[in-house]
Amino acid sequence: MREFKSFNINFEILIIGPGITVWIFVILSLIEDYFPGSLNNIPDEIKLSFLTLIVVLIISSIILSLNFIIVNNRGIEIRTLFPRITLKKRSWREIKYYAHVIETWSGKFNFSDWKVIWFIDFDDKVCIRVPRRASFNLKNVMKEVSKFEDKFEIELKFRDPIFTARGYKKVEYPKDLNKNEKKIV
């Protein structure tokens, strides 16, 4: 059986480890500012284990952010680069179709658009989300996917779809389409 792979960098996971580290250092600096000398009483063993925890968080976030999207005749799988850990795996029987989606995320000062591909299951929930940015060889992988799955014809647009993109909430389709008339190619 032939497999098609696309190398992917997941920026969401990449930000988590260093982000947690920054917040820990901010909290520690606030403690030192309001209670001077209180951190000097911490034993060296605890300081060393704390530093080890920070290093493990950063390394694990880097390892989990580098992954492959693998497509074969059985289904689609997202697997880490090293070690081989399967993050998500779905067979073609579990997926109804895939859709090209533009996610608009609002920030404090501006908006950012992410072009992604959602694999939607029969409950109309997202089971796999693949960002098109920072994916290498994705076009060839999507050619293979189109052999096995239907494509939703209309490009969907969502604003801040935090629960929908994670699969906790059903996909809300445009109002001009009835549920029975979804355009699938």
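Treat the numbers as computed from the prediction; the structure is a model and nothing was measured.

Next up on the list: the pattern of salt bridges. Side-chain pairs of opposite charge can arise where the charged atoms are in close proximity. Evaluation of the coordinates by the stated rule reveals six salt bridges. One salt bridge in this structure joins Arg-132 and Glu-155, with 3.5 Å as the shortest N-O distance. In this pair, Arg-132 is assigned in the loop between strand E7 (126–131) and strand E8 (135–136) and Glu-155 in the loop between strand E9 (150–151) and strand E10 (156–159), connecting sequence segments 23 residues apart. By relative accessible area, Arg-132 is classed as partly exposed at 28%. Given a relative accessible area of 37%, Glu-155 falls into the partly exposed group.

Of all hydrophobic cores here, the largest spans 17 residues; its most connected members are Ile-76, Phe-119 and Val-145. At four residues, helix H3 (residues 138–148) tops the list of elements feeding residues into this core. Among the nonpolar cores identified, the runner-up in size contains 15 residues, and Trp-118, Ala-165, Val-171 and Tyr-173 belong to it.

What follows deals with a nonpolar patch on the surface. Together, Val-22, Trp-23, Val-26, Ile-27, Leu-30, Ile-31, Tyr-34 and Phe-35 make up a nonpolar patch on the protein surface, roughly 850 Å² of accessible area in all. For Ile-31, the position within the fold is in helix H1 (residues 11–34).

About the criteria used
- Residues numbered from 1 in each chain as written.
- Predicted model: local features only at pLDDT ≥ 70, side-chain atom pairs only at ≥ 80, totals over all residues.
- Heavy atoms only, no water.
- Salt bridge = Lys/Arg side-chain N within 4 Å of Asp/Glu carboxyl O.
- Helix = DSSP H or I, 4+ residues; strand = E, 2+ residues; numbered from the N terminus.
- Buried < 20%, exposed > 50% of the residue type's maximum accessible area, 1.4 Å probe, protein only.
- Core = buried A, V, L, I, M, F, W, Y, C linked by side-chain atoms within 4.5 Å.
- Patch = residues over 30% accessible without salt bridge, like charges linked within 9 Å, V, L, I, M, F, W, Y side chains within 5 Å.
- Areas by Shrake-Rupley, 256 points an atom, 1.4 Å probe, with all protein chains shown as cover.

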